Amino acid sequence: MNDTDQEQAHTGAEETAGARLVPRITIQAFCQNSATAQLIEEAATDRRMIKAALTTHNGGIDAAVEIYKTNPTPNLVILETTLRPEEIPSSLERLADVCDETTKVVVVGHVNDVQLYRDLVRSGVSEYLVMPTSASALVSTIVELFVAEGAAPIGRTIGFFSAKGGAGSSTLAHNIAWAMAHSLHQDVLIMDMDLAFGTAGLNFNQDPVNGLADAVFAPDSVDEVMIDRLMSKAANHINLLTSPGSLERTYDFGRRDFEQIVEICQRNVPAVILDLPHAWNDWIRHTLTTLDEIVIVAQPDLANLRNAKNIVDTIKAIRPSDNPPHLIVNQVAMPKRPEIAAKEFAASIDCRLSGQIPFDPALFGTAANNGQMIAEVSASHKINDTLRTIALQLAGRASASVPAKPVGALPGIFRKLKLA
Ligand SMILES: Nc1ncnc2c1ncn2[C@@H]1O[C@H](COP(=O)(O)OP(=O)(O)OP(=O)(O)O)[C@@H](O)[C@H]1O
Ligand SMILES: [Mg+2]
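Residues numbered from 1 in each chain as written. Chains lettered and ligands numbered in written order. Predicted model: local features only at pLDDT ≥ 70, side-chain atom pairs only at ≥ 80, totals over all residues.

## Comments concerning the overall build of the chain
Reasoning step 1: When helices and strands are tallied, the chain shows 18 helices and 13 strands.
Reasoning step 2: By its C-alpha atoms, the chain is 70 × 45 × 40 Å across when sized along the principal axes.
Reasoning step 3: Put simply, 78% of the contacts in the chain that link residues at least 6 apart link residues at least 24 apart. (Helix = DSSP H or I, 4+ residues; strand = E, 2+ residues; numbered from the N terminus. Contact = placed C-beta atoms within 7 Å.)

This is the structure in structure tokens:
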């Protein structure tokens, strides 16, 4: 059985048993004692952890602080501490300065102290477990944190939409998803919603038999298990729900036909990238209203400007309290083409410019023909820096090496701790 089959077998078995699986999150554990390290290893082999990626490091809170000064924080940090109860809160404060606000923290301690437990939980630590505990109890805690009824979905939804056909929104969606997965070491899912003409499969050199169409045309059977089965893995941390890319049938959808699928995906994967077709249908308009972030990809000409202005105005009107859209001006400096400067383009549509990508037909053409990402064709190309910067911005991280917030600001989970 290969990995995917094994995963599917587990998934099916768990579903019948009614057990809930930990989603595709990244977990890092810091252990000071070998017994705790062993416990973590055992937890990693629990069937409910089949989709999660867990790594173990030596050391306690200080080791975690050192690592996260220069590395992105995962979805969950498990910290063993042998500190005295009164030392733990101040030690965690230093972690707060380097920890992303979306990261959850579970502390494993050796002192059974109700007051400490209350203080930690009140300060935003998700759970305090006292050793000795069992691997199964640890996994149940993780399940509760990420799969509990009413728990906020873990996934950020980011839609890519072109101002004009061929502007490059799919290419950038795929490459930015790649940059996000590689910079943050977290799972990303790309949903190719251009069912007739989508290129996600081609761009990642994948030709899976099933994909997004199987889900959207079987609304009554759609659930987590089905979506898991339809996803294909294109690379480490990169999952695809591909489009058929065929014209055997027509693709007309109702306004909310993708809603359930997107919701299931965002409960399971930390970042969901929606590669939207260039069209204006009820379902596209509705999908745009539901997303966390929207990226408009435009070429620097007049038709793109007119369309981008209409899209931005419409998005701002239909989702006034959400984040305004991001703009990427693509295919900049095409030889001999008169162009509108990217900054001017952004200013005239009142949109933040997330980045501009040069026109480079050799690089993009080679990547497309090989079914590779830009980073695979040319790892040292400076376009990768731009893609990475945009990816981190969209993921809510200013940079992978520097914490997203200004120094001194506290992530949500620790805010109260500092005030206490
Ligand atoms: N910066 C660039 N330089 C050169 N070629 C590019 C660049 N960006 C994208 N391309 C090429 O432009 C073509 C169209 O790109 P893509 O399919 O991503 O556009 P799209 O906006 O998704 O189009 P559609 O409207 O069909 O969905 C592809 O062949 C791609 O390789
Ligand atoms: Mg496209």
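## Description of the site of ligand 1
Reasoning step 1: The environment of ligand 1 is formed by 22 residues, the closest being S162, G168, S170, T171 and F364.
Reasoning step 2: Breaking the shell around ligand 1 down by element, the ones donating at least two residues are α7 (169–184), β12 (326–332) and α15 (361–370).
Reasoning step 3: Looking at side-chain class alone, the shell around ligand 1 contains nine nonpolar, eleven polar and two charged residues. (Near = placed C-beta within 6 Å. Nonpolar A, V, L, I, M, F, W, Y, C, P; charged D, E, K, R; others polar.)

## Regarding unusual backbone geometry
Reasoning step 1: In this structure, the amide linkage connecting M131 to the following residue, P132, adopts the cis form with an omega of 0°.
Reasoning step 2: Residue H185 is not a glycine yet carries a positive backbone phi of 55°.
Reasoning step 3: Non-glycine residue Q331 carries a positive phi angle of around 60°.
Reasoning step 4: Mapping Q331 onto the fold places it in strand β12.
Reasoning step 5: Overall, Q331 belongs to the buried group, with 24 C-beta atoms counted inside 10 Å. (Buried ≥ 20, exposed ≤ 12 C-beta atoms within 10 Å, placed from the backbone.)

## Some thoughts on the domain arrangement of the chain
Reasoning step 1: Along its sequence, the chain is organised into domain 1 (3–150 + 408–419) and domain 2 (156–381).
Reasoning step 2: Spacing between the C-alpha centres of domain 1 and domain 2 amounts to 32 Å. (Domains from an automatic or database assignment.)

## Looking at the sheet that holds strand β6 (residues 156–162)
Reasoning step 1: Judged by pairing direction, the sheet is mixed, and its eight strands sit side by side in the order β8-β9-β7-β10-β6-β11-β12-β13 without closing on themselves. Each edge of the open sheet carries a strand with a single partner, namely β8 (232–235) and β13 (352–358). Averaged over neighbouring strand pairs, the angle between their axes works out to 25° when direction is ignored.
Reasoning step 2: Contacting β6, β11 (293–298) and β12, helix α13 (residues 302–318) crosses the sheet at an angle of about 170° to β11. (Pairing = 2+ DSSP bridges. Axes fitted to C-alpha atoms, helices over the stretch in contact; angles between N-to-C directions.)

## Topic: the sheet that holds strand β5 (residues 127–130)
Reasoning step 1: Taking strand neighbours across the sheet as the criterion, the five strands line up as β2-β1-β3-β4-β5 in an open arrangement whose pairing is parallel. Two strands in the sheet have a free side with no partner beyond their single neighbour: β2 (53–58) and β5. The average angle at which neighbouring strand axes cross in this sheet is 20°, direction not considered.

## Here we look at the pairing of strand β10 (residues 271–275)
Reasoning step 1: Most of β10 is tucked away, with five of its five residues classed as buried.
Reasoning step 2: Burial along β10 is two-sided: the residues A271, I273 and D275 and V272 and L274 are all buried.
Reasoning step 3: Judged from the five bridges that link them, β6 and β10 form a sheet pairing that is parallel. Bridge assignment links F160 to a residue of β10, and that residue is D275.

## A word on the packing of α7 against helix α17 (residues 383–394)
Reasoning step 1: Running from amino to carboxyl end, α7 crosses α17 at an angle of 75°, the nearest separation of the two axes being 8 Å. It follows from the interaxial angle that α7 and α17 lie roughly perpendicular. For the pair α7 and α17, contact is made by N175, I176, A179, M180 and S183 and by N384, L387, R388, I390, A391, L392 and L394, respectively.
Reasoning step 2: Grouping the constituent residues of the contact of α7 with α17 by class yields eight nonpolar, three polar and one charged. (Parallel < 35°, antiparallel > 145°, perpendicular 65-115°, else oblique.)

## Here we look at helix α11 (residues 259–268)
Reasoning step 1: Turning to α11, its buried residues are I261, V262, I264, C265, Q266 and N268.
Reasoning step 2: Where α11 is buried, its residues meet β6, β7 (188–192), α9 (212–216), α10 (224–230), β10 and α12 (282–290).

## Here's the deal with the confidence of the model for the chain
Reasoning step 1: Confidence in the prediction for the chain averages 91 pLDDT; 90% of positions are at 70 or higher.
Reasoning step 2: Across residues 400–420 the pLDDT falls below 50, and counting only partners more than four positions away or on other chains, this stretch makes 44 contacts in the model. (pLDDT = per-residue confidence, 0-100.)

## Thoughts on the pairing of strand β9 (residues 238–241)
Reasoning step 1: The two faces of β9 match: I238 and L240 on one face and N239 and L241 on the other face are all buried.
Reasoning step 2: Relative to β9, β7 runs parallel, the two being bridged by four bridges. Residue V188 lies in a different strand from β9, and its bridge partner there is I238.
Reasoning step 3: With three bridges joining them, β8 and β9 adopt antiparallel strand pairing. Its bridge partner lying in β9, K233 is registered against N239.
Reasoning step 4: Linkage of β8 to β9, two consecutive antiparallel strands, is achieved through a turn of two residues, within which H237 is found at a positive phi near 75°.

## Brief notes about the environment of D214
Reasoning step 1: Structurally, the position occupied by D214 is in helix α9.
Reasoning step 2: For D214, a count of 17 C-beta atoms within 10 Å corresponds to the partly exposed category.
Reasoning step 3: For the pair D214 and R249, spaced 35 residues apart in sequence, the C-alpha separation works out to 13 Å.

## A word on the nonpolar core
Reasoning step 1: Judged by nonpolar contacts, the single largest core of 77 residues is most densely connected at I273 and I296.
Reasoning step 2: If sequence neighbours within four positions are ignored, I296 has contacts with F161, A163, A308, I311, V312, P325 and L327.
Reasoning step 3: Ranked by size, the runner-up nonpolar core spans 40 residues in total, among them C31, L95, V139 and I142. (Core = buried A, V, L, I, M, F, W, Y, C linked by C-beta atoms within 7 Å.)

## Re the packing of helix α3 (residues 61–70) against helix α4 (residues 88–96)
Reasoning step 1: Where α3 contacts α4, the two axes come as close as 9 Å, and the packing angle between them is 10°. Judged on the interaxial angle alone, α4 and α3 are roughly parallel. For the pair α3 and α4, the crossing hand works out as left-handed. Contacts from I61, A64 and V65 of α3 reach α4 at S91, L92, R94 and L95. (Left-handed = near helix turned anticlockwise from the far one by under 90°.)

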